Amino acid sequence: MNVAILGAGAMGKVLSGTIEEQQDMSLAGIIEPRNGEKLHDIEGQVDAVIDFSNPNNLEMLMDYCIAKSCPAVIATTGFTLEQQQMIVDMAQQVPVVFAANFSLGITVMKRVLEEITPILEDTFDIEVIEKHHNKKLDSPSGTAKMLVGALNGQGTYEEVHGREGNRKRGKEIGIHAVRGGTIAGEHDVIFAGDDEILEIKHTAGSKKIFAAGAVKAAAFTQTAGPGLYNMEDVLFGDK
Ligand SMILES: NC(=O)C1=CN([C@@H]2O[C@H](COP(=O)(O)OP(=O)(O)OC[C@H]3O[C@@H](n4cnc5c(N)ncnc54)[C@H](OP(=O)(O)O)[C@@H]3O)[C@@H](O)[C@H]2O)C=CC1
Ligand SMILES: O=C(O)C1=N[C@H](C(=O)O)C[C@H](O)C1
């Protein structure tokens, strides 16, 4: 299959290397919108577009994928609620895999959190700490938001970002974003109880894990009908 990449930044470059290593995949093109390049500039067959770029490029991605009936793998984070709705609408017409994190470890971590949170939530305080490189634009990370969604499925907790000031801790989940150096991505969920702490933590050793997951997602779209899918669907076949 021929895959186009939207975004020639850090992830776009790692992903192009990963695609070139695949036996049954080739790179149809890598598009950098900041240089005025457009998906429609790509000549030849495109079987899926993988987007690791910026929310500002969503309209270009939608226009192209709908016009060409081309599946999309959306890895970009930091979309507004309105843009997330645009992705839902787009998925009525073409297969879309949309996930804040394409690693196997985080996909499993989300499942683990959904399982254990109901057991712990009445007696343990929950805090989320994420750490990323100093080039990252959006905070907190898309993954942290997704994990908080799993922790706070019923919406019973106040979500407190970067706590400061003087007040007692309430029924809340604290969310903290650290930025520095070249950290590929770390997500730590802390359940703190009386005299005991349970931590569930994922550390990305490099950006390659996200590229590998995105390639799996692109392959998944080739046999999927129009619809919105996540990494659980890709890795565990939930749909
Ligand atoms: N779902 C997942 O598993 C993962 C998701 N991501 C997400 O992928 C996205 C890209 O990450 P990464 O490659 O590290 O980021 P980079 O900043 O290295 O690359 C982003 C690309 O998008 C371009 N871009 C940036 N701002 C704009 C803008 N305002 N309008 C148009 N284009 C823009 C950049 O151009 P320029 O260089 O000129 O700024 C660059 O080419 C991020 O949203 C990140 O959170 C990252 C890793 C894993
Ligand atoms: O920008 C990054 O680098 C990453 N972004 C994603 C996010 O916002 O969660 C996924 C991963 O943590 C790396």
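Residues numbered from 1 in each chain as written. Chains lettered and ligands numbered in written order. Predicted model: local features only at pLDDT ≥ 70, side-chain atom pairs only at ≥ 80, totals over all residues. Heavy atoms only, no water.

- Within an unreviewed UniProt entry, the label attached to the chain reads 4-hydroxy-tetrahydrodipicolinate reductase, and the organism entered is Anaerovorax odorimutans.
- UniProt annotates the chain under Subunit (unreviewed entry) with the comment "Homotetramer."
- Turning to the chain, the UniProt annotation filed under Subcellular location (unreviewed entry) states: "Cytoplasm". (UniProt positions renumbered as here; feature names shortened; annotations may be inferred.)

### Things to note about the site of ligand 2
Right, so step 1: As a matter of local geometry, ligand 2 sits amid 13 residues, with His132, His133, Lys136, Gly142 and Thr143 nearest to it.
Right, so step 2: Note that an oxygen atom of ligand 2 is positioned 2.8 Å from one of the side-chain N or O atoms of His133.
Right, so step 3: The separation between an oxygen atom of ligand 2 and a polar side-chain atom of Thr143 is 2.5 Å.
Right, so step 4: Relative to its unbound accessible surface of 330 Å², ligand 2 loses 86% to contact with the protein. (Near = heavy atom within 4 Å. Polar contact = N/O pair within 3.5 Å; in protein donor to acceptor, adjacent residues only side chain to side chain. Areas by Shrake-Rupley, 256 points an atom, 1.4 Å probe, with all protein chains shown as cover.)

### Considering the pairing of strand E2 (residues 26–31)
Right, so step 1: Pairing of strand E1 (residues 2–6) with E2, which is carried by five bridges, proceeds in the parallel orientation. Its bridge partner being in E2, Asn2 is matched across the sheet by Ser26. (Pairing = 2+ DSSP bridges. Helix = DSSP H or I, 4+ residues; strand = E, 2+ residues; numbered from the N terminus.)

### Looking at a nonpolar patch on the surface
Right, so step 1: Together, Leu104, Val108, Val112 and Phe236 line one region of the surface with nonpolar side chains, adding up to about 290 Å² of accessible area.
Right, so step 2: Counting residues per element, the nonpolar patch draws most heavily on helix H4 (residues 104–120), at three residues.
Right, so step 3: Note that Leu104 resides in helix H4. (Patch = residues over 30% accessible without salt bridge, like charges linked within 9 Å, V, L, I, M, F, W, Y side chains within 5 Å. Salt bridge = Lys/Arg side-chain N within 4 Å of Asp/Glu carboxyl O.)

### Brief notes about the packing of helix H1 (residues 10–21) against helix H6 (residues 208–221)
Right, so step 1: Between H1 and H6, the shortest axis-to-axis distance is 9 Å and the interhelical angle comes to 60 degrees. Relative to H6, H1 is oriented oblique. Seen along the crossing, H1 lies across H6 with a hand that is right-handed. Facing H1, whose interface residues are Met11, Val14, Leu15, Thr18 and Ile19, H6 presents Lys208, Phe210, Ala211, Ala212, Ala214 and Val215.
Right, so step 2: Here the contact of H1 with H6 is composed, by residue class, of nine nonpolar, one polar and one charged. (Axes fitted to C-alpha atoms, helices over the stretch in contact; angles between N-to-C directions. Parallel < 35°, antiparallel > 145°, perpendicular 65-115°, else oblique. Left-handed = near helix turned anticlockwise from the far one by under 90°. Contact = heavy atoms within 4.5 Å. Nonpolar A, V, L, I, M, F, W, Y, C, P; charged D, E, K, R; others polar.)

### Observations concerning the domain arrangement of the chain
Right, so step 1: Here the chain is partitioned into domain 1 (2–102 + 207–236) and domain 2 (104–203).
Right, so step 2: A straight line from the C-alpha centre of domain 1 to that of domain 2 covers 27 Å.
Right, so step 3: Contacts between the two partners involve 13 residues from domain 1, matched on the other side by 15 residues from domain 2.
Right, so step 4: Taken together, both faces of the contact between domain 1 and domain 2 bury some 1,200 Å²; the carbon and sulfur share is 55%.
Right, so step 5: Considering only the surface of domain 1 that becomes buried against domain 2, Asn101, Glu232 and Phe236 emerge as the three largest contributors, covering 42% of it.
Right, so step 6: A salt bridge links Glu232 to Arg111; its shortest N-O distance comes to 2.8 Å. (Domains from an automatic or database assignment. Buried area = accessible area lost by both parts, 1.4 Å probe.)

### Some thoughts on the site of ligand 1
Right, so step 1: By nearness alone, 21 residues border ligand 1, and Ala10, Met11, Glu32, Asn56 and Thr77 come closest of all.
Right, so step 2: Contact distances for ligand 1 include 2.8 Å between an oxygen atom and a backbone N or O atom of Met11.
Right, so step 3: The backbone of Ala75 places a nitrogen or oxygen atom 3.0 Å from a nitrogen atom of ligand 1.
Right, so step 4: Notes on ligand 1: free accessible area 900 Å², of which the protein chains cover 77%.
Right, so step 5: In a pocket analysis with a 2 Å cut-off to the grid points, ligand 1 is assigned to the largest pocket.
Right, so step 6: Considering only residue class, the shell around ligand 1 consists of nine nonpolar, eight polar and four charged. (1 Å grid on protein atoms, 1.4 Å probe; cavity = no way out; pocket = protein on both sides within 12 Å on 5 of 7 lines; lining within 4 Å. Sits in = over half its atoms within 2 Å of the grid points.)

### Considering the UniProt feature "binding site: NAD(+)" (unreviewed entry) in the chain
Right, so step 1: This chain's UniProt record puts "binding site: NAD(+)" (unreviewed entry) on Glu32, Ala75, Thr76, Thr77, Ala99, Ala100, Asn101 and Phe102. Among the annotated residues just listed, those lining the largest pocket are Glu32, Ala75, Thr76, Thr77, Ala99, Ala100, Asn101 and Phe102.
Right, so step 2: When its relative accessible area of 8% is taken as the criterion, Ala75 is described as buried.
Right, so step 3: Among all residues touching Ala75, those that are not within four sequence positions of it are Asp51, Phe52, Ala99 and Phe102.
Right, so step 4: For Phe102, the location among the structural elements is in the loop between strand E5 (95–98) and H4.
Right, so step 5: We classify Phe102 as buried; its relative accessible area is 3%.
Right, so step 6: Excluding anything up to four places from it in sequence, Phe102 contacts Val73, Ile74, Ala75, Val97, Ile209, Phe210, Gly213, Ala214, Ala217 and Met231. (Buried < 20%, exposed > 50% of the residue type's maximum accessible area, 1.4 Å probe, protein only.)

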